[in-house]
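What the coordinates show
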Amino acid sequence: QHLGTPTTNMLGCTAIVALAHGILGASITPDRNPARCTWTGPSGHTYDFTSLGVKGNVTAYQLHEAGHTSTYLYNFCEGISSTHDESMSLGCDTTAAACLRDGVTGHTFSLGRLSTAEWFESEDSISVHYSGGSSALESQPRRAVITFTCGINTEPVISEVRESAGTTSIAMSLSAACKPSVQWAVAEGAAAGSSCDAFCESQGSSCVEGRWPTSLSEFERIVGSIQDAGCSSYQAGTYASNPQRVTSSGSGLCYWSSSSTNGRCTLEVASHHARFCPCAVPPPPPPSRRVVWAVAEGANAGSSCAAFCRSQGSSCVEGRWPTSLSEFERIVASIPDAGCSYVSTGTRASNPQRGTSSGSGSCYWSGHGSDRCELEVPSHHARFCPCVVPPPPPPAEP
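Let me begin by describing the structure that accompanies this report. (Residues numbered from 1 in each chain as written. Predicted model: local features only at pLDDT ≥ 70, side-chain atom pairs only at ≥ 80, totals over all residues. Heavy atoms only, no water.)

Some details on the pairing of strand β23 (residues 381–388)
Of all the 8 residues making up β23, 8 are buried; the element is thus mostly covered by neighbouring parts of the structure. Neither face of β23 is open: one carries His381, Arg383, Cys385 and Cys387, the other Ala382, Phe384, Pro386 and Val388, and all of them are buried. Sheet topology places strand β19 (residues 291–295) next to β23; 5 bridges connect them, and they run antiparallel. Counterpart to Val291 in the pairing with β23 is Val388. Of the pairings in the sheet, the one linking strand β21 (residues 353–355) to β23 comprises 3 bridges and is antiparallel in character. Bridging across to β23, Gln353 finds its partner in Arg383. (Buried < 20%, exposed > 50% of the residue type's maximum accessible area, 1.4 Å probe, protein only. Helix = DSSP H or I, 4+ residues; strand = E, 2+ residues; numbered from the N terminus. Pairing = 2+ DSSP bridges.)

Laid out in structure tokens, this is it:
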């Protein structure tokens, strides 16, 4: 099976989808405001997908297989019912979070109701399960399983869609699914007695719940990561605010706790104690992506840029479309034999493109919309496509 990229990119709430079986981790209850698209896991980390929740829109992805195309619709923040355009909903049940338009039968099925969402968190992903969809095998309602995994893109990237025994599993990744890295530090000196919230904030950071040590060996690894942590002896303590160190003159006694309780970032301690605090490390900026422009001509004429770049072992990059004639002229100049003898503004969303009819050198530069990679053109036209340049391979081992 081959998974296409979005046909529209009016975003609902998404992330990497896991397989239907074998989801690990503890169930969590989402905040009772699904339109905000925020969920707090047992680790204490809050996943915020608010930026993806757009009321009144849905996102459509297409799966191409064996001569037919199936369309998946989803809006995990608002539900399919929020769309104002009936042509986008494809007749989907208004209570659904996700739907399938079957490419063989043409029928539309609900994959699960928005109100049935159950969230799970594991070490490296979170997933949402929906149930109560249209009847499937043996009249059992359809289910959907979506898993969010950490990725560098701010917009979701679908990696896999699977159908098995009435369960649709979709896999996606995006940056909002990433847990922050932490750096441990001791809130000592002027910060002695402070909560970890206050200490981390004073360092231009924030305290991260869910990282508290639950064994002596784990606490010793934390101590080993801190220069001059000051622990000369260890003891299992009973305070909810552990781990901490006694700062009285000459004392190097450090307390840890086997409790996995969260909600400790706000706790203060006595002024002669100093807390061990997990402060968030800002994620590195996503790597810049260099693109090379090419014309999807010859056998690729009429193709979308997503398909053309894929045929070159690359991928199409949104957000690089020219916004002026001079910008398009620079793109043309970067392509050997671009074939433009005449340039016009044009009106198609899929611009820039070139007519490929015999003798034609007409090029059109002005498209519209930020999401054009998936757009196809007539077979006598060829699109100008921004394909990402893969990073260089790592150096060979000596």
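Here we look at the state of the cysteines
Within this structure, the stated rule accounts for 9 disulfides. Each sulfur of the disulfide joining Cys305 and Cys385 lies 2.1 Å from the other. Looking along the S-S bond of the Cys305-Cys385 disulfide, the torsion reads about -80°, which is the left-handed sense. Linking Cys305 in helix α4 (residues 305–311) with Cys385 in strand β23, this pair joins segments that are 80 residues apart in sequence. (Disulfide = S-S within 2.5 Å.)

Some details on the environment of Gly133
Its place among the elements puts Gly133 in the loop between β10 (125–130) and β11 (143–150). When the C-alpha positions of Gly133 and Asp93 are compared, they lie 8.7 Å apart, and in sequence the two are 40 residues distant. Other than its neighbours up to four places away in sequence, Gly133 contacts Ser110, Leu111, Gly112, Pro141 and Arg142. (Contact = heavy atoms within 4.5 Å.)

Considering the sheet that holds strand β14 (residues 181–186)
Overall, mixed pairing links the 5 strands, which are arranged β14-β18-β16-β17-β15 in an open sheet. Here the strands that pair on one side only, and so sit at the sheet edges, are β14 and β15 (233–236). For this sheet, the mean angle separating the axes of adjacent strands, direction not counted, is 30°. Relative to strand β18 (residues 273–281), β14 runs antiparallel, the two being bridged by 6 bridges. The residue bridging Val186 from the neighbouring strand is Phe276, located in β18. (Axes fitted to C-alpha atoms, helices over the stretch in contact; angles between N-to-C directions.)

Quick notes on the sheet that holds β19
Hydrogen bonds between backbone atoms are what pair the strands of a sheet, whose relative direction is either parallel or antiparallel. Taken together, 5 strands build an open sheet; the order of strands is β19-β23-β21-β22-β20 and the sheet is mixed. The open sheet has two edge strands with one neighbour each: β19 and β20 (342–344). Between one strand and the next, the sheet's axes are offset by a mean angle of 25°, whatever the strand orientation.

With respect to helix α5 (residues 325–333)
Taken residue by residue, α5 has Phe328, Ile331 and Val332 as its buried positions. An end-on view of α5 places all buried positions within 100° of arc, on one side of the element. Set apart from the buried face of α5 by more than 90 degrees, the exposed residues are Arg330 and Ala333. On its buried face, α5 sits against β19, β20, β22 (362–364) and β23. (Arc of directions from axis to C-beta.)

Structural notes on helix α3 (residues 216–224)
Among all positions of α3, only Phe219, Ile222 and Val223 are buried. Buried residues of α3, viewed axially, fall in a sector of 100°; they line one side. Residues Arg221 and Gly224 are exposed on α3 and point more than 90 degrees away from its buried face.

So, the pattern of salt bridges
Tallied over the entire structure, the rule returns 4 salt bridges. Two residues, Glu121 and Lys179, come together in a salt bridge whose shortest N-O distance is 3.9 Å. Taken together, the positions of Glu121 in strand β9 (residues 118–121) and Lys179 in the loop between β13 (167–174) and β14 put the pair 58 residues apart, joining distant regions of the chain. Between Glu297 and Arg354 there is a salt bridge; the shortest N-O distance is 2.9 Å. In this pair, Glu297 sits in the loop between β19 and α4 while Arg354 sits in strand β21, placing the two residues 57 residues apart along the sequence. Residue Arg354 is classed as buried on the basis of its relative accessible area of 9%. (Salt bridge = Lys/Arg side-chain N within 4 Å of Asp/Glu carboxyl O.)

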